[in-house]
Each structure stands twice: as structure tokens, then as C-alpha cells.
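Now for the letters of each chain:
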Amino acid sequence: MYLDTILDYNQQFVGSNQHEPYKTSKLPNHKCVVLTCMDTRLVELLPAAMNIKNGDVKMIKNAGGMITSPYGSGVRSLLIAIHVLQAEEVLIIGHKDCGMQQLDPSFVMKQMKAKGITEEEIQSVTDDGIDVEEWLAGFETVEEAVTNSVDILRTHPLFPTAIPVHGLVIHPESGELSIVTRGYRQ
Ligand SMILES: [Zn+2]
């Protein structure tokens, strides 16, 4: 069981003071908040490729590194980072070969049913006013998805216009970053 492996390791980790090098505060040293994808390849690669250390930035992750709704948890986290935790710059980082690219919602629903979710349960979500297919949908190209997320933020009524929002794409193997949109004003 992975949890037990983690707990065993954790006792050692804490017992031998291995946490010392990670001491920092909850405010981001570089006054920056990052939204990116939960992809396994990025867990260590993204911070390493950007020289991000513990304490440097606020890091938000979800499937695709996307903002899908102006009032979802992604935007709420970004707004908290800016208004409460002193972030002054936003990086939205998608990546090549993302699982959310061209994700077919009907495939996801098929997988749900294979795990025992019933038609009635899916219907109950629809009855709550959620278009499940639309809610699960991925994106066409990562550049489009990044641009779309950046635009939602830049035009959000609760988002300060002075805060730059940058859109980037990272390669999940080389770690190379490319700019989709720079947020600094001319
Ligand atoms: Zn991804």
C-alpha cells in the first residue's frame, strides 16, 4: 500500500531533520503564482527547468493547467494568491502532449461507466444543470487553451489590471519553455 510506504518514509524524513533545507514562509519569494498541469512528468521537471525552489512561488495544478470558469477553484486560488499572498505576477503554463488535448468526453464517460457509475448518476448531474460533456471537455491545442485561460483572467472583474499574466508552454521531456503571450505592458 503506497500510503504506508509514504508514512514509513515520512517518519524517517522528519526524524532525521531532512526538512531543514525546505524552511521558508508562506509568502512567495518571487511574488509569483503559477498555474500548470498535474502531469506526472512535470512534478519535478517544471520547477527544475524554471529554477523554482521551495518558497519561491505559489503553485496551482489541475488537469491541463486550465481556467475553465471565471468562478471556479482555479481563479479563486489565483485571486487569493494575488490579494492575500502578495503575488504580483501570474504564469499560466500548459504543456505539449497533455492528456487534456483533444480529450473526448464520451470516452471519459465510458470509463466512468466501466468503473460502476450508472446512467442514473450521470443523469443526476445533468439534472443539477451541469452539461457533463462540456464540463469534461479538453482542448484543441495547448496554445489555444493557454490563451483562453490568460484572457479569462485578464478580463476578470476581480483581477487587478496591473498584474501581468503570462502564457507559456513547457515541453514535458526537455523542459523547454516557449512563450505564448507576455503579460508585461509595453
Ligand atoms: Zn497535462
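The rules we used
- Residues numbered from 1 in each chain as written.
- Predicted model: local features only at pLDDT ≥ 70, side-chain atom pairs only at ≥ 80, totals over all residues.
- Heavy atoms only, no water.
- UniProt positions renumbered as here; feature names shortened; annotations may be inferred.
- Patch = residues over 30% accessible without salt bridge, like charges linked within 9 Å, V, L, I, M, F, W, Y side chains within 5 Å.
- Areas by Shrake-Rupley, 256 points an atom, 1.4 Å probe, with all protein chains shown as cover.
- Salt bridge = Lys/Arg side-chain N within 4 Å of Asp/Glu carboxyl O.
- Helix = DSSP H or I, 4+ residues; strand = E, 2+ residues; numbered from the N terminus.
- Donors = N, O, S within 2.8 Å, 3.2 Å for Na, K, Ca; no water.
- Buried < 20%, exposed > 50% of the residue type's maximum accessible area, 1.4 Å probe, protein only.
- Core = buried A, V, L, I, M, F, W, Y, C linked by side-chain atoms within 4.5 Å.
- Contact = heavy atoms within 4.5 Å.
- Lys, Arg positive; Asp, Glu negative; His and termini not counted.
- Charge placed at Lys NZ, Arg CZ, Asp CG, Glu CD.
- Pairing = 2+ DSSP bridges.
- Axes fitted to C-alpha atoms, helices over the stretch in contact; angles between N-to-C directions.
- Phe/Tyr/Trp six-rings, centres within 6.5 Å; stacked < 30°, edge-to-face > 60°.

By the naming in an unreviewed UniProt entry, the chain is carbonic anhydrase, taken from Salicibibacter cibi. Of the chain, the UniProt comment under Catalytic activity (unreviewed entry) reads exactly: "hydrogencarbonate + H(+) = CO2 + H2O".

Further remarks concern a nonpolar patch on the surface. Together, Tyr-2, Leu-3, Ile-6 and Leu-7 give the surface a local cluster of nonpolar side chains, amounting to about 450 Å² of exposed area. Structurally, Tyr-2 can be placed in helix 1 (residues 2-15).

Turning our eyes to something else, we now look at the coordination of the zinc ion. The coordination sphere of the zinc ion contains the protein donors Cys-37 (SG), His-95 (NE2) and Cys-98 (SG), at a distance range of 2.0 to 2.2 Å. Spacing between the donor residues of the zinc ion along the chain follows C-x57-H-x2-C. Each of the two residues, His-95 as well as Cys-98, counts as buried.

Let us look at unusual backbone geometry. When glycine is set aside, most residues are seen to have a negative phi, and most peptide bonds are trans. For Asn-51, which is not glycine, the phi torsion reads 55 degrees and is therefore positive. Turning to its location among the elements, Asn-51 is positioned in the loop between helix 2 (42-50) and strand 2 (57-62). Backbone geometry at Asp-97 places phi at a positive 60 degrees, although glycine is not the residue there. With respect to the helices, strands and loops of the structure, Asp-97 is situated in the loop between strand 3 (89-95) and helix 4 (105-114).

Moving on, we come to the nonpolar core. Counting 37 residues, the largest nonpolar core has Ile-67, Leu-78, Val-90, Ile-92, Leu-153 and Phe-159 as its most contacted members. Breaking this core down by element, the ones donating at least two residues are strand 1 (32-37), helix 2, strand 2, helix 3 (73-83), strand 3, helix 7 (142-154) and strand 4 (165-170). At six residues, the largest contribution of residues to this core is made by helix 7. Every residue in contact with Val-90, bar those within four places of it in the chain, is listed here: Val-33, Leu-78, Ile-82, Leu-153, Phe-159, Ile-163, Pro-164, Val-165 and His-166. Val-108, Met-109, Ile-122 and Leu-136 belong to the second largest nonpolar core, which has five residues in total.

A contiguous patch of negative charge, built from Asp-104, Asp-131, Glu-133 and Glu-134, is present on the exposed surface. You can see Asp-104 is positioned in the loop between strand 3 and helix 4. Assessed through its relative accessible area of 39%, Asp-104 is described here as partly exposed.

Below, the discussion takes up the sheet that holds strand 5 (residues 177-181). Within the open sheet, the five strands sit side by side as 2-1-3-4-5. Their pairing is mixed. Among the strands making up the open sheet, the edge pair consists of strand 2 and strand 5. Ignoring strand direction, the axes of neighbouring strands in this sheet form an average angle of 25 degrees. In this sheet, strand 4 lies alongside strand 3 in parallel orientation, the contact comprising six bridges. Residue pairing in the sheet places Val-90 in a bridge with Val-165 of strand 4. Contacts between helix 2 and the sheet are confined to strand 1, strand 2, strand 3, strand 4 and strand 5, with strand 3 contributing the most and set at about 130 degrees to the helix. Against the sheet, helix 3 contacts strand 1, strand 2 and strand 3, and its axis sits at roughly 175 degrees relative to strand 2.

Before going further, it helps to spend a moment on the packing of aromatic side chains. Each aromatic ring pair is specified by the distance between its two centres and by the angle formed by the two planes. In total, this model carries two aromatic pairs according to the counting rule given. Here Phe-13 and Tyr-22 contribute two aromatic rings whose centre-to-centre distance is 6.4 Å and whose plane-to-plane angle is 35 degrees, an arrangement assigned as tilted. An aromatic cluster of at least three residues, connected via ring pairs, comprises Tyr-9, Phe-13 and Tyr-22.

Okay, the UniProt feature "binding site: Zn(2+)" (unreviewed entry) in the chain next. Mapped onto this numbering, the UniProt entry annotates "binding site: Zn(2+)" (unreviewed entry) at Cys-37, Asp-39, His-95 and Cys-98. A stretch of 62 residues holds the annotated residues, and the largest C-alpha distance among them is 8.8 Å, short enough that they meet in one place. Checked against the element boundaries, Cys-37 lands in strand 1. Accessibility expressed as a relative area gives 5% for Cys-37, which makes it buried. If sequence neighbours within four positions are ignored, Cys-37 has contacts with Leu-42, Lys-61, Asn-62, Ala-63, Gly-64, Gly-65, Ile-93, His-95 and Cys-98. One can find Cys-98 in the loop between strand 3 and helix 4. Of the residues examined, Cys-98 reaches a relative accessible area of 6% and is grouped as buried.

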